[in-house]
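Here is how the chains run, residue by residue.
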Amino acid sequence: MEIIFDKLIDSYLATNVGIVKDFLSQELSAHLVDNITALYAGEQLVTAGTGNELLINHNKLIRSDKIYWLDRIHNNIYENVFFDLMDSFVSHLNRSCYAGITGYEFHYTLYEKGSFYKRHLDNFKQNGNRAFSMIMYLNSEVDGGALRIYQGNDTQDISPNAGKSVFFKSNELEHEVLITHLPRMSITGWLKVAG
Ligand SMILES: O=C(O)CCC(=O)C(=O)O
Ligand SMILES: [Fe+2]
């Protein structure tokens, strides 16, 4: 895995957007899709907010995805394989880049057909300790739903294919999720620094 971790970190250092294929195996991606599918069927996924929950800003004009937070307490074998992988990635990142990551949070994300997330920045005032954003895509079939990243006048569209991971600084890069024409599944999360 160290080679894949380094690929992700090197592409981040070179372009501000780390991208690597095969961060998750196709097998693990498929099991995580099964988990999301079961949670969806059991109506466990909740409408995502947009930062300031005090305003109960469930604004469907900004984002229309559904989420469920991962937790080791669920004792789900595949969720725990994912957390083990993240633990090794975080120690690798801290060792090789002195990143000072002390925690993380991840949720499953489902964008139903026709869903999107308008241009935004991940690090908002209530979440000042989100240092890096990281997304793991799970779809074996993709139609739309690209992650569009804005850097200056440039835009970059990243197709959300199973196994791929994207990694960028949470307070730097604005991005959006373009409308998806198929259900789009992922794990989305943040690596956090203390404070
Ligand atoms: O799924 C993606 O490609 C990006 C998701 C995102 O921007 C977010 O949840 O903040
Ligand atoms: Fe985001």
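Structure's up top.
What you are looking at is a predicted structure, and each value in this text was computed from that prediction instead of being measured. (Residues numbered from 1 in each chain as written. Chains lettered and ligands numbered in written order. Predicted model: local features only at pLDDT ≥ 70, side-chain atom pairs only at ≥ 80, totals over all residues. Heavy atoms only, no water.)

Peer 1: What am I meant to see in the sheet that holds strand β5 (residues 117–120) here?
Peer 2: Remark on secondary structure: sheet strands pair via backbone hydrogen bonds, oriented parallel or antiparallel. As summarised here, the arrangement of the 4 strands in space is β5-β10-β7-β8, forming an open sheet in which the pairing is antiparallel. The sheet terminates laterally at β5 and β8 (154–158), the two strands that pair on one side only. Neighbour-to-neighbour, the strand axes of this sheet turn through a mean angle of 15°, independent of strand direction. Bridge count for β5 against strand β10 (residues 174–177) is 2 bridges, and the pairing is antiparallel. Counted as the bridge partner of Y117 is V177 from β10. (Pairing = 2+ DSSP bridges. Helix = DSSP H or I, 4+ residues; strand = E, 2+ residues; numbered from the N terminus. Axes fitted to C-alpha atoms, helices over the stretch in contact; angles between N-to-C directions.)

Peer 1: Honestly, the pairing of strand β7 (residues 147–151) in this entry has me stumped. Any pointers?
Peer 2: Consecutive side chains along a regular strand alternate between the two faces of the sheet. With 5 bridges joining them, β7 and β8 adopt antiparallel strand pairing. Of the residues in β8, the one forming a bridge with Q151 is D154. If you look at the hairpin formed by β7 and β8, you'll find 2 residues sitting between the two strands, and G152 has a positive phi there, around 60°.

Peer 1: Can you help me understand the site of ligand 1 in this one?
Peer 2: Within the structure, ligand 1 sits among Y111, Y117, H120, D122, I135, Y137, L147, H175, V177, R184, T188 and W190. Within the side chain of H175, a nitrogen or oxygen atom sits 2.9 Å from an oxygen atom of ligand 1. For ligand 1, an oxygen atom lies 2.8 Å from a polar atom in the side chain of R184. Coverage of ligand 1 by the protein chains reaches 99% of its 300 Å² of free accessible surface. If one sorts the elements of the shell around ligand 1 by residue count, strand β11 (residues 184–192) sits on top with 3 residues. A per-class count over the shell around ligand 1 returns 7 nonpolar, 3 polar and 2 charged. (Near = heavy atom within 4 Å. Polar contact = N/O pair within 3.5 Å; in protein donor to acceptor, adjacent residues only side chain to side chain. Areas by Shrake-Rupley, 256 points an atom, 1.4 Å probe, with all protein chains shown as cover. Nonpolar A, V, L, I, M, F, W, Y, C, P; charged D, E, K, R; others polar.)

Peer 1: Explain the sheet that holds strand β6 (residues 130–137) to me, please; I cannot follow it from the model alone.
Peer 2: An order of β1-β9-β6-β11-β4-β3-β2 is seen for the 7 strands of this open sheet, with the pairing classed as antiparallel. Every other strand in the sheet has two partners, leaving β1 (18–20) and β2 (46–47) as the edge strands with one partner each. With 3 bridges connecting them, β1 and strand β9 (residues 165–169) associate as antiparallel partners. By the bridge assignment for β9, G18 is matched with F167.

Peer 1: Sorry if this is basic, but what is going on with the coordination of the iron ion (ligand 2) here?
Peer 2: When a metal carries six donors in an octahedron, the ideal angles between them are 90 or 180 degrees, while four donors in a tetrahedron ideally lie at 109.5 degrees. All of the protein donors around the iron ion (ligand 2) are H120 (NE2), D122 (OD) and H175 (NE2); their distances to the metal are 2.0 to 2.1 Å. Taken in chain order, the donor set of the iron ion (ligand 2) reads H-x1-D-x52-H. Of this pair, H120 sits in strand β5 while H175 sits in strand β10, and the two are 55 residues apart along the sequence. Accessibility expressed as a relative area gives 11% for H120, which makes it buried. Under the relative-accessibility criterion, H175 is labelled buried at 4%. (Donors = N, O, S within 2.8 Å, 3.2 Å for Na, K, Ca; no water. Buried < 20%, exposed > 50% of the residue type's maximum accessible area, 1.4 Å probe, protein only.)

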